Amino acid sequence: MSSLSPLEGRGAEIAVCSGITAANCANIPFGPPHRDTEPWAGEVRSGGFSPAGAATGAAGNGRVNGYVCLSILDSKCLLRKRRYCRSSLTQIAVLQIVKESQQQHGLRHGDFQRYRGYCSRRLRRLRKTLNFKMGNRHKFTGKKVTEEILSDNRYLLLILMDAERAWSYAMQLKQEANTEPRKRFHLLSRLRKAVKHAEELERLCESNRVDAKTKLEAQAYMAYLTGMLRFEHQEWKAAMEAFNKCKTIYEKLANAFTEEQAVLYNQRVEEISPNIRYCAYNIGDQSAISELMQMRLRSGGTEGLLAEKLEALITQTRAKQAATMSEVEWRGRTVPVKIDKVRIFLLGLADNEAAIVQAENEETKERLFESLLSECRDAIQAVREDLKPDQKQREHSLEMDSGKVSNIQYLHSYLTYIKLSTAIKRNESMAKSLQKALLQQQRSEEDGKRTPRPQDLIRLYDIILQNLVELTQLPGLEEDKNFQKEIGLKTLVYKAYRCFFIAQSYVLVKKWSEALVLYERVLKYASEVQSEAGAYKNSLKELPDVQDLITQVNAEKYSLQAAAILDANDTHETESPSQVKDGKPLSERFETFCLDPSLVSKQVSLVHFPPGFQPIPCKPLFFDLALNHVAFPPLEDKVEQKAKSGLTGYIKGIFGFKS
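From a predicted model like this one, the values you see are computed outputs, not experimental measurements.

Take the overall build of the protein chain next. For the protein chain, the count of helices and strands is 21 helices and five strands. Within the span of the protein chain, comprising 659 residues, buried residues form 39% of the whole. Taking the intrachain contacts of the protein chain between residues at least 6 apart in sequence as the baseline, contacts between residues at least 24 apart amount to 65%.

Here you go:
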């Protein structure tokens, strides 16, 4: 029998067989089997056989080495297996199965123990279904999956789940090894077990019964686990080679399939790219550290195997640079920096700000802002701890330096300035995104989403103004007139925007006069900024443009006046006699037609409630006058006389004497 060849039609396994004559094939029935017990029945569509001749073939003669004849092409028979509905080659989507199982059973929340339990239960179900049990409860009998039984892809799934169970246990031990270092030995043991199962999966997939895609996925899975094991052993070169092999395979698979199928492969490539750069850095590539930091900043933090190592590496690199940093200059004053955490933060400040500027979307930008604020708060806390024991020394330095604050207090003011400025930038970024949403309000309503309101922007600008007030109160900057002037101009800009959106909120409720007054206040603030911003244009570059706001306010004023006039005309037109309410409830004007809009509102007037008092007749009073003239008969003989009291009566009572 020659090799198998595909044939379109029923997706069945086709074989080309030589050595069978046309006469023999004439007696081979054709058709789908009945419950794997009956021969094929039907007709041969090619090769010169008539339906009658095919139908008269002897039952049971259609089986040739387990195959059944389909047709004759060039004196060779195309034979097909009796189970025509099953594919010719075993296939299994390794990465898709792994990712779906992980996301649905705990790894979305980093719960490796839950995922390990799921793998164990699934293994038990597979062994029971395939009748591939390892002995019984009394005796263990080991079984191995061989190439001969690979007709069912569930045997490959058995080995894959074994590898996943060992890997998930290793990751669980990695989390616990932070507090119990001895568990690291068990972690390495489980990773070696996972690699062993992956090697077995790759060996079985080399069989001719497995399709090419499954072979490539098995090789990539094996390379991934091998890279993780070498990574934990700190064998950087071997780990880098394994990760590069895995990355290459997944990139080729992503290019070979459609975009929907390539998403998983591209995600895996993105996951292992930081690992490759980390290995390159440890091998000696110094340029890799900058790429690793950019990857971390773009993603807003790394997760998985590399997280702790990458954080430690970045901290170590900045600590080396911080050793050469001894002071910082701000607003003309040089301050020594002796705290390592503050040095590391100040060195990474420029990189963090650059990553925020280069952020691709608002979500990434918000995550980077939060990360920067968190690091700034930690640095401020470190300075505050040094401030506590130095209280008396700070008071003495205040007296000696004629009002100047100490160096550490000035450093604390500088870090607080960075924190407040970053918070202002974050709120301004959120305000810009909300303004864009307000411009697309109509489309948002059609999509059924929550529509942003001007009140949301008012709240953001309130927070910005509060941060600016805190900036003016920083110790050491009270006498800095230029700084106070800059903050004053920024306050006017944000007040103008706050008044603008308050006016917008009044326009929505048709309070035209209040909105017009607020628009005039906006123009007043904007003109003050333009008149005083001559020498401070450099410090106001990052602020919103006031001239654009003036143009927008002028346009809004004209539209507001037109809307107010139209609204007044509509009010006069709608006040017809049939629409004027007289204050009577609906129950008292059934006979009169009147358009009353309040009938469909929440304050509808149907009846007077509570009802008023009405006069009613009094209840009559009855007087019995005949009673005064009635003489009743005497009743003395009917009433029992009272017994005599005293000592005599007591004695008579004892002896039974009665009167």
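Picking up where we left off.
Looking now at the nonpolar core. Of all hydrophobic cores here, the largest spans 70 residues; its most connected members are V342, F345, L346 and L415. Broken down by secondary-structure element, the contributors of at least two residues to this core are β4 (327-330), α12 (340-357), α13 (362-387), α15 (407-439), α17 (454-472), α18 (481-508), α19 (512-532) and α20 (546-574). Element by element, the count of residues in this core is highest for α18, at 13 residues. Among the nonpolar cores identified, the runner-up in size contains 63 residues, and V94, F132, L156 and A170 belong to it.

The next point concerns the pattern of salt bridges. For the structure shown, the criterion picks out 17 salt bridges. One salt bridge connects R127 with D162, and the closest N-O pair in it is separated by 3.8 Å. Placement of the pair is R127 in helix α4 (residues 112-130) and D162 in helix α5 (residues 154-176), with a sequence separation of 35 residues. Residue D162 is classed as buried on the basis of its relative accessible area of 12%. The partner of D152 in a salt bridge is R154, and the shortest N-O contact between them spans 2.7 Å. On the accessibility criterion, D152 (13% relative accessible area) is buried.

Before going further, it helps to examine the packing of aromatic side chains. With the rule as written, the count across this model stands at 19 aromatic pairs. Here the aromatic rings of Y115 and Y118 are separated by 6.2 Å at their centres, their planes lie at 25 degrees, and the arrangement is stacked. Within this pair, Y115 and its partner Y118 are both found in helix α4, separated by three residues, close to a single helical turn. Its relative accessible area of 0% is what places Y115 among the buried residues. When the ring of W236 is compared with that of Y278, the centres are 5.5 Å apart and the planes differ by 75 degrees; the resulting orientation is edge-to-face. Here the residue W236 occupies a position in helix α8 (residues 236-256), and Y278 occupies one in helix α9 (residues 259-283), the gap between them amounting to 42 residues. You'll find W236 and Y278 in the same group, each marked buried. Aromatic ring contacts, followed pair by pair, group Y461, Y494, Y497, F500, F501 and Y519 into a single cluster. One Lys or Arg, R116, reaches over the ring of Y169 and ends 3.9 Å from the middle of that ring. Above the plane of the ring of Y410 lies R333, whose end atom (NZ or CZ) is 4.5 Å from the centre.

The subject of this paragraph is a nonpolar patch on the surface. A cluster of nonpolar residues, L599, V600, V604, L606, V607 and F609, forms a patch on the protein surface that exposes about 610 Å² of accessible area. Along the chain, F609 falls in the loop between α20 and α21 (647-655).

Relative to each other, α15 and α18 sit at 25 degrees, their axes nearing to 14 Å. By the angle between their axes, α15 is roughly parallel relative to α18. Read as a crossing pair, α15 and α18 show a hand that is left-handed. Contacts between α15 and α18 involve Y417, I424, E428, Q435 and L438 from the former and F483, Y494 and F501 from the latter. Considering only residue class, the contact of α15 with α18 consists of six nonpolar, one polar and one charged.

Our next topic: the packing of helix α3 (residues 94-104) against α5. In the contact formed by α3 and α5, the axes pass within 12 Å of each other and the chain directions differ by 50 degrees. Of the possible angle classes, the one that applies to α3 and α5 is oblique. Read as a crossing pair, α3 and α5 show a hand that is right-handed. Note on element contacts: α5 touches α3 through L157, L160, M161, E164 and W167, opposite V94, I97, V98 and Q102. Of the residues assigned to the contact of α3 with α5, the class counts are seven nonpolar, one polar and one charged.

Every buried residue of α3 is listed here: V94, L95, I97, V98, K99, S101 and Q102. Where α3 is buried, its residues contact α4, α5, α7 (212-232), α8 and α9. Among the residues trailing α3, G106 stands out with phi positive, at a value near 115 degrees.

Between F609 and P610 the backbone carries a cis peptide bond, its omega angle lying at -5 degrees. Mapped onto the secondary structure, P610 falls in the loop between α20 and α21. The phi angle at Q234 is positive, at roughly 60 degrees, despite the residue not being glycine. Structurally, Q234 can be placed in the loop between α7 and α8. With a phi angle near 65 degrees, K510 is a residue other than glycine that sits in the positive phi range.

The grouping of R114, R121, R124 and R125 at the surface amounts to a positive patch. For R114, the position within the fold is in helix α4. With a relative accessible area of 43%, R114 lands in the partly exposed category.

Its 28 residues give α18 an end-to-end C-alpha distance of 41 Å, which sits within 8% of 40 Å, the value for a rise of 1.5 Å per residue. For α18, the capping residue at the N-terminal end is D480, with a side-chain oxygen 3.4 Å from the backbone nitrogen of N482. One or two residues past the end of α18 sits K510, with phi positive at roughly 65 degrees.

Once that is clear, we can look at the confidence of the model for the protein chain. In this model, the protein chain carries a mean pLDDT of 75, and residues with pLDDT of at least 70 account for 71%. Confidence drops under pLDDT 50 across residues 300-306; counting only partners more than four residues distant or on other chains, this segment forms 15 contacts.

Both β4 and strand β5 (residues 333-336) contribute to a ladder of four bridges, which runs antiparallel. Bridge pairing in β5 links W330 to R333. Where β4 folds back on β5, the antiparallel hairpin that results is connected by two residues, among which R331 adopts a positive phi of roughly 55 degrees.

Another point: the side chain of T226. Counting through the fold element by element, T226 comes out in helix α7. Apart from residues lying up to four places away in sequence, T226 is in contact with V195 and A242.

Conventions used here
Residues numbered from 1 in each chain as written. Predicted model: local features only at pLDDT ≥ 70, side-chain atom pairs only at ≥ 80, totals over all residues. Heavy atoms only, no water. Helix = DSSP H or I, 4+ residues; strand = E, 2+ residues; numbered from the N terminus. Buried < 20%, exposed > 50% of the residue type's maximum accessible area, 1.4 Å probe, protein only. Contact = heavy atoms within 4.5 Å. Core = buried A, V, L, I, M, F, W, Y, C linked by side-chain atoms within 4.5 Å. Salt bridge = Lys/Arg side-chain N within 4 Å of Asp/Glu carboxyl O. Phe/Tyr/Trp six-rings, centres within 6.5 Å; stacked < 30°, edge-to-face > 60°. Lys NZ or Arg CZ within 6 Å of the ring centre and 35° of its normal. Patch = residues over 30% accessible without salt bridge, like charges linked within 9 Å, V, L, I, M, F, W, Y side chains within 5 Å. Areas by Shrake-Rupley, 256 points an atom, 1.4 Å probe, with all protein chains shown as cover. Axes fitted to C-alpha atoms, helices over the stretch in contact; angles between N-to-C directions. Parallel < 35°, antiparallel > 145°, perpendicular 65-115°, else oblique. Left-handed = near helix turned anticlockwise from the far one by under 90°. Nonpolar A, V, L, I, M, F, W, Y, C, P; charged D, E, K, R; others polar. Lys, Arg positive; Asp, Glu negative; His and termini not counted. Charge placed at Lys NZ, Arg CZ, Asp CG, Glu CD. Expected span 1.5 Å × (residues − 1). Polar contact = N/O pair within 3.5 Å; in protein donor to acceptor, adjacent residues only side chain to side chain. pLDDT = per-residue confidence, 0-100. Pairing = 2+ DSSP bridges.

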